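# A closer look at the structure
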Amino acid sequence: MRRQLRPTDVKRLNRTWRRNTGNRLGLILESVTGPFNVGSIFRSAAAFGVDQIWLAGNSTPPTNPKAGKTALGTDRLVTWHEAVPATEAVKAARDDGFTVLAIELTAEAVPLHKADLGRDVCLVVGSEDHGCSPALLDAADGVCYIPQVGRVGSFNVAVAAAIALAEARRQEWQNLPDS
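Along each chain, residue indices are assigned from 1 in the same order as the chain's sequence is written. In keeping with the model being predicted, local features are shown solely for residues with a pLDDT of at least 70 and side-chain atom pairs are shown and tallied solely at 80 or more, while totals for entire chains, interfaces and linings include all residues. Calculated side-chain values reflect all of the structure's heavy atoms, with hydrogen atoms and water omitted.

## Details of the overall build of the protein chain
The line we're drawing: By the criteria applied, helices consist of DSSP H or I runs no shorter than four residues and strands consist of E runs no shorter than two, each listed in order from the N terminus. We compute the radius of gyration over the C-alpha atoms and compare it with the globule rule, which gives 2.2 Å times the number of residues raised to the power 0.38. Only protein chains enter the accessibility calculation, which uses a 1.4 Å probe; a residue is then buried when its area is under 20% of its type maximum, exposed when over 50%, and partly exposed in between. We call two residues in contact when some of their heavy atoms are within 4.5 Å. Methods summary: accessible areas were calculated by the Shrake-Rupley approach with a probe of 1.4 Å, and residue burial reflects only the protein chains presented. Counting rule applied: Lys, Arg positive; Asp, Glu negative; His and chain ends not counted. A single reference atom marks each charge: NZ on Lys, CZ on Arg, CG on Asp, CD on Glu.
Check the secondary structure of the protein chain and you find 6 helices and 7 strands. Each helix and strand of the protein chain, placed in order from N terminus to C terminus, yields the pattern α-β-α-β-α-β-α-β-β-β-α-β-α. A globule of 179 residues ought to have a C-alpha radius of gyration of about 16 Å, and the protein chain, at 16 Å, matches this closely. A principal-axis box enclosing the C-alpha atoms of the protein chain has dimensions of 50 × 40 × 35 Å. A total of 179 residues make up the protein chain; the buried ones form 41% of that total. Within the protein chain, contacts between residues separated by at least 24 positions form 80% of all contacts whose residues are at least 6 apart in sequence. As presented, the protein chain carries roughly 10,200 Å² of accessible surface, and 52% of it is formed by carbon and sulfur atoms. Measuring between centres, the 20 positive side-chain charges of the protein chain sit 14 Å from its 19 negative side-chain charges.

## A short note on the nonpolar core
Under the convention used in this document: The nonpolar core is taken to be a set of buried Ala, Val, Leu, Ile, Met, Phe, Trp, Tyr and Cys residues, with the residues joined through side-chain atoms within 4.5 Å.
Core analysis: the biggest nonpolar cluster contains 31 residues, and Ile 41, Ile 53 and Leu 123 have the highest contact counts within it. When residues of this core are traced back to their parent elements, those giving at least two are β1 (25–30), α2 (35–47), β2 (50–56), α3 (65–71), β4 (99–103), β6 (121–125) and α6 (157–173). Ranked by residues supplied to this core, first place goes to α6 with 7 residues. Among residues more than four places away in sequence, those in contact with Ile 41 are Leu 27, Leu 29, Val 32, Val 125, Val 157, Ala 158 and Ala 161. Counting residues in each nonpolar core, the second largest holds 17 residues, with Ala 89, Ala 109, Val 124 and Leu 136 among its members.

## Examining α6
The cut-off we apply is this: Here, expected helix span is obtained from the residue count minus one, scaled by 1.5 Å. We define a polar contact as two N or O atoms separated by no more than 3.5 Å, with the added condition that, inside protein, one atom must be a possible hydrogen donor and the other a possible acceptor, whereas residues neighbouring each other in sequence contribute only through side-chain atom pairs.
Spanning 17 residues, α6 covers 24 Å between terminal C-alpha atoms, matching the ideal 24 Å at 1.5 Å per step. Contacts made by the buried residues of α6 are with β1, α2, β2, β4 and β6. Between a side-chain oxygen at the N-terminus of α6 and the backbone nitrogen of Ala 158 the separation is 2.8 Å; the capping residue is Asn 156.

## Description of the packing of α2 against α6
For clarity, the threshold we go by: Geometry is summarised by axes, namely lines fitted to C-alpha atoms with helices restricted to the contacting stretch, and by angles between N-to-C directions that run from 0 to 180 degrees. Should an angle fall under 35 degrees it is taken as roughly parallel, and over 145 as roughly antiparallel, whereas 65 to 115 is taken as roughly perpendicular and any remaining angle as oblique. Handedness of a crossing follows from how the near helix is turned relative to the far one, being left-handed for an anticlockwise turn of less than a right angle and right-handed for a clockwise one. All amino acids are sorted into three groups, where Ala, Val, Leu, Ile, Met, Phe, Trp, Tyr, Cys and Pro are nonpolar, Asp, Glu, Lys and Arg are charged, and the leftover types, Gly among them, are polar.
Here α2 crosses α6 at 15°, and the two axes come no closer than 8 Å. With respect to α6, the element α2 is oriented roughly parallel. In the packing of α2 onto α6, the handedness of the crossing is right-handed. Contacts from Asn 37, Ser 40, Ile 41, Ser 44 and Ala 45 of α2 reach α6 at Val 157, Ala 158, Ala 161, Ala 162 and Leu 165. Taken together, the residues of the contact of α2 with α6 sort by class into 7 nonpolar, 3 polar and no charged.

## So, the state of the cysteines
Cut-off, in case you're wondering: To count as a disulfide, a pair of cysteine sulfur atoms needs to be within 2.5 Å.
Under the counting rule described, the total for this entry stands at 0 disulfides. Lacking any disulfide linkage, Cys 122 is separated from the closest cysteine sulfur, that of Cys 132, by 11 Å. Residue Cys 132 stays outside any disulfide, its sulfur separated by 9.9 Å from that of Cys 144, the closest cysteine. Take Cys 132: its relative accessible area is 7%, and that puts it in the buried class.

## Overview of the pattern of salt bridges
Side-chain pairs of opposite charge can arise whenever the charged atoms involved come near each other. We apply this condition: When a carboxyl oxygen of Asp or Glu lies within 4 Å of a side-chain nitrogen of Lys or Arg, that pair is called a salt bridge.
Summed over the entire model, instances satisfying the criterion amount to 9 salt bridges. Taking the shortest distance from any N to any O, the salt bridge between Asp 9 and Arg 3 comes out at 3.8 Å. Taking the relative accessible area as the measure of exposure, Arg 3 reaches 52% and is therefore exposed. Among the salt bridges present, the one from Asp 120 reaches Arg 24, with a minimum N-O distance of 3.3 Å. Residue Asp 120 is located in the loop between β5 (110–111) and β6, and its partner Arg 24 is located in the loop between α1 (7–19) and β1; the two are separated by 96 residues in the primary sequence. Residue classification places Asp 120 among the partly exposed positions, given a relative accessible area of 25%. Shared partners join several salt bridges into a network, and the residues in it are Arg 3, Asp 9 and Arg 12.

Quick look at the structure:
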């Protein structure tokens, strides 16, 4: 009979995955203004072990009460930086050793599963309405997109961030021996 893991078992399982994780992940949120989206992104970032989040443009900070309601305190588990212009956030991430890849639909973008995410990478998601700015796209090292087969044109920004983070970890873990 299947049973859910108890809290101690979950901690043990998560500790095993942490030991098998060496790549650093970063995020840049460019003009993500919806506080519930910001809170959800911070929660996913904490779950996937994101090292740093740079806010860019007019992004809502995680200290916003509505963001905090969704983040459930996870903003304390991820180092984050106050909003700066997008190109400054890209420079800061690159100076910290990250390859910066925007998640956006552009003519040159590669499918997310074909992008080289198995390294220190900083993923960028843009505003809910307009995505990443042209200046950020020019500053990024590359662009990838999330393939879709349905009739909807795009994902919610928080969902897109979670999918991209999950794919980065999946690529890192894909060659681990079965445990």
